[in-house]
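What follows is each chain in one-letter form.
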Amino acid sequence: MRIGVPREIYPGEKRVATVPDVVSKLIKLGFDVVVEGGAGELADLSDGAYVQAGATIAPSAAELWRASDIVFKVRAPTASEVALMHAGQTLIGFLWPAQNPDLMQQLAAQKVTALSIDALPRTLSRAQKMDALTSMAGVSGYRAVVEAANAFGRFFNGQITAAGKVPPAKVFIAGAGVAGLAAIGAAASLGAIVRANDTRAEVADQVVSLGGEFVKVDYEEEGSGGGGYAKVMSEGFQAAQREMYAQQAKECDIIITTALIPGKPAPKLITAEMVQSMKPGSVIVDMAAEQGGNCELTEPGKAVVKHGVTIVGYTDLASRMARQSSTLYGTNLFRLTEELCKTKDGIIDVNMADDAIRGLTVIKDGEITWPAPPLVVAPKPAPKPTAAVTEKKSGHGHGSSGPMPAKTLAMVFGVGALAFWAIGAYAPAAFLGHFTVFVLACFIGNMVVWNVTPALHTPLMSVTNAISSIIVIGALVQIVPPEAGTNGRPDQLIQWLAFAGIVLTAINMFGGFAVTRRMLDMFRK
């Protein structure tokens, strides 16, 4: 089958759906790749680089669409591009089916199969390699900090110069999803004081790990929604959140907003009054501008100055780093293609029984299949009954492994005491000393080695086990004693016991060092 990569015609779009490095990988899967002439120019990717990677160049979009079995795109196709499609063709790209119902009808009328990369079930761990939304969000978050630094006009980090002390910039980031976390890392690396907030309390540790400070809303409510997204919060929470945002607007120099909820307009987090309260020269970067914006004064696609504050509402942040974005996006589509073509024969199979592929597929052979049915989540194992656990610990009932009864314990101790008395009364003095060392060694060995859970064994412990086999020295002494009798050898029974001790101890020693080596190899890249 042939994969076609047309030039993006959406105004201002600089990305391309694949790059030369990915083209060579697609060819190894058995596909032919054709790229429209000039498709990668705005991403600094020449036609010659695509040809060198093994692709062919189509002179026009019409010829490319007509000759392709599969089409990779970034933006959703326009009506003119849909008209170029033919039955049986497969389209893969950002289609946003919830926001584009008319496009769904147009594609279905063409009897095509459409896979919307934005519909990928992000809760599936195996789908992470295909998650283009995460890839683009990471680029956008980084670029948002770059745009903020450009508009801010001051240092991000604090400096002490001959002309005086320069305080570090204070950056507040609303939303700690993928884009927000990327922005936190970029801003912190530039030396700014970074604060962040999110409705999902579980991201607090991630914020701190990237060098930020998590600002908590003084209102208890869980904000995690389905599919790894946040949910719409209650009125009480939103009121407390606005109060916290108003305070941060007065204190911070830069605000970056990333809050979006799938299928809904962007929530208004920054009001006009908050903008007025900000210091002159402050900056707001609204990453949700394409969905209406998180700031009331945002103008999508523009950077404007209102009340002395620069409000950046660019909707093409990922496209402003076109080469990097295209590389990541192309890799995501390649991983998807691997899932579609597991036989590596250049033929794709849209397997609707696969949860990831089913979630992506919004149209199958002209039939609209979106939305996909909800994923079936395996139920959590039921907790063990408390009563049963208590009964087991208490030692009651048949077959119990609880503590030994008092009478039995007393008998065991009595027999043991008699045995020790007999040994002390009749054994030679030299044997008694060795026997005492033996008993103490058994007790210490049991506490130090045998009572340690195998999962907690470390390389150091395995080495200790190996070199602690001092018994081999005693066995060697018994085989060749320093002071032998008339024949220079001990009795045959002692000799064979010593030999067996040497063999068993050698296994323990060399096995310990082998285990140590394997454990250390786990920490090497």
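Residues numbered from 1 in each chain as written. Predicted model: local features only at pLDDT ≥ 70, side-chain atom pairs only at ≥ 80, totals over all residues. Heavy atoms only, no water.

Draft legend 1. Representation of the packing of helix 17 (residues 471–479) against helix 18 (residues 492–521) within the structure. It is the contact of helix 17 with helix 18, at a shortest axis distance of 8 Å, that shows an interaxial angle of 150 degrees. As summarised for this structure, helix 17 and helix 18 are arranged roughly antiparallel, according to the angle between their axes. Remark: the crossing between helix 17 and helix 18 carries left-handed chirality. Residue-level inspection shows Ile471, Val472, Ala475, Leu476, Gln478 and Ile479 of helix 17 in contact with helix 18, the latter providing Ile494, Gln495, Ala498, Phe499, Ile502, Thr505 and Met509. Split into classes, the residues belonging to the contact of helix 17 with helix 18 amount to 10 nonpolar, 3 polar and no charged. (Axes fitted to C-alpha atoms, helices over the stretch in contact; angles between N-to-C directions. Helix = DSSP H or I, 4+ residues; strand = E, 2+ residues; numbered from the N terminus. Parallel < 35°, antiparallel > 145°, perpendicular 65-115°, else oblique. Left-handed = near helix turned anticlockwise from the far one by under 90°. Contact = heavy atoms within 4.5 Å. Nonpolar A, V, L, I, M, F, W, Y, C, P; charged D, E, K, R; others polar.)

Draft legend 2. Region of the structure containing the sheet that holds strand 4 (residues 70–72). Ordered by their spatial adjacency, 8 strands build an open sheet running 3-2-1-4-5-6-16-17, and the pairing between neighbours is mixed. Each edge of the sheet is formed by a strand with only one pairing partner; in this case those strands are strand 3 (56–58) and strand 17 (367–368). When strand 4 meets strand 5 (residues 90–93), the two strands line up parallel, connected through 3 bridges. Bridged to Val71 within strand 5 is Leu91. Running over the sheet, helix 11 (residues 322–340) touches strand 4, strand 5 and strand 6 (113–116) and is turned about 140 degrees from strand 5. (Pairing = 2+ DSSP bridges.)

Draft legend 3. Geometry of unusual backbone geometry. Each neighbour pair has its own omega, and for Trp370 with Pro371 the value is 0 degrees, a cis peptide bond. With respect to the secondary-structure elements, Pro371 resides in the loop between strand 17 and helix 13 (386–394). In this structure, Asp44 is a non-glycine residue whose phi angle is positive, near 60 degrees. On the secondary structure map, Asp44 appears in the loop between strand 2 (32–36) and helix 2 (47–53). Given a relative accessible area of 60%, Asp44 falls into the exposed group. With a phi angle near 60 degrees, Lys111 is a residue other than glycine that sits in the positive phi range. (Buried < 20%, exposed > 50% of the residue type's maximum accessible area, 1.4 Å probe, protein only.)

Draft legend 4. Representation of the nonpolar core. In terms of nonpolar packing, the biggest core is built from 45 residues, with Phe72, Ile92, Ile117, Tyr329, Leu336 and Leu340 touching the most fellow members. Looking at this core, the elements that each hand over two or more residues are strand 1 (2–5), helix 1 (20–28), strand 2, helix 2, strand 4, helix 6 (132–152), helix 11 and helix 12 (355–360). When residues of this core are assigned to their parent elements, the largest contribution, 6 residues, is made by helix 11. Here Leu340 is in contact with Ile92, Leu115, Ile347, Ile348, Asp349, Val350 and Ile357, once residues within four sequence places are set aside. Membership of the second largest hydrophobic core comes to 31 residues, among which are Val171, Val194, Ala196 and Tyr314. (Core = buried A, V, L, I, M, F, W, Y, C linked by side-chain atoms within 4.5 Å.)

Draft legend 5. Structural detail: empty space enclosed by the protein. Considering all chains together, one arrives at 1 cavity of 30 Å³ or more under this definition. When the residues that make up the lining of the largest cavity are grouped by side-chain class, the tally is 2 nonpolar, 1 polar and 5 charged. (1 Å grid on protein atoms, 1.4 Å probe; cavity = no way out; pocket = protein on both sides within 12 Å on 5 of 7 lines; lining within 4 Å. Points joined across faces, edges and corners; volume = space filled by probe spheres on them.)

Draft legend 6. Quick look at the packing of aromatic side chains. Applying the stated criterion to the full structure yields 5 aromatic pairs. Ring geometry for Phe94 against Trp96: centres 6.0 Å apart, planes inclined by 15 degrees, an arrangement best described as stacked. The buried category is assigned to Phe94, whose relative accessible area is 8%. Ring geometry for Phe152 against Phe156: centres 6.3 Å apart, planes inclined by 85 degrees, an arrangement best described as edge-to-face. For the pair formed by Phe152 and Phe156, the shared burial category is buried. Ring-pair connections join several aromatic residues into one group, and the members of that group are Phe94, Trp96 and Tyr329. When the ring centre of Tyr314 is taken as origin, the NZ or CZ atom of Arg320, which lies over that ring, is 3.7 Å away. (Phe/Tyr/Trp six-rings, centres within 6.5 Å; stacked < 30°, edge-to-face > 60°. Lys NZ or Arg CZ within 6 Å of the ring centre and 35° of its normal.)

Draft legend 7. Region of interest: the sheet that holds strand 11 (residues 213–214). On the basis of which strands lie adjacent, the open sheet formed by 7 strands has the order 11-10-9-12-13-15-14 and mixed pairing. Strands with a single pairing partner mark the edges of an open sheet, and in this sheet they are strand 11 and strand 14 (303–306). Relative to strand 10 (residues 193–197), strand 9 (residues 170–174) runs parallel, the two being bridged by 5 bridges. Within strand 10, the position partnered with Val171 by the bridge is Val194.

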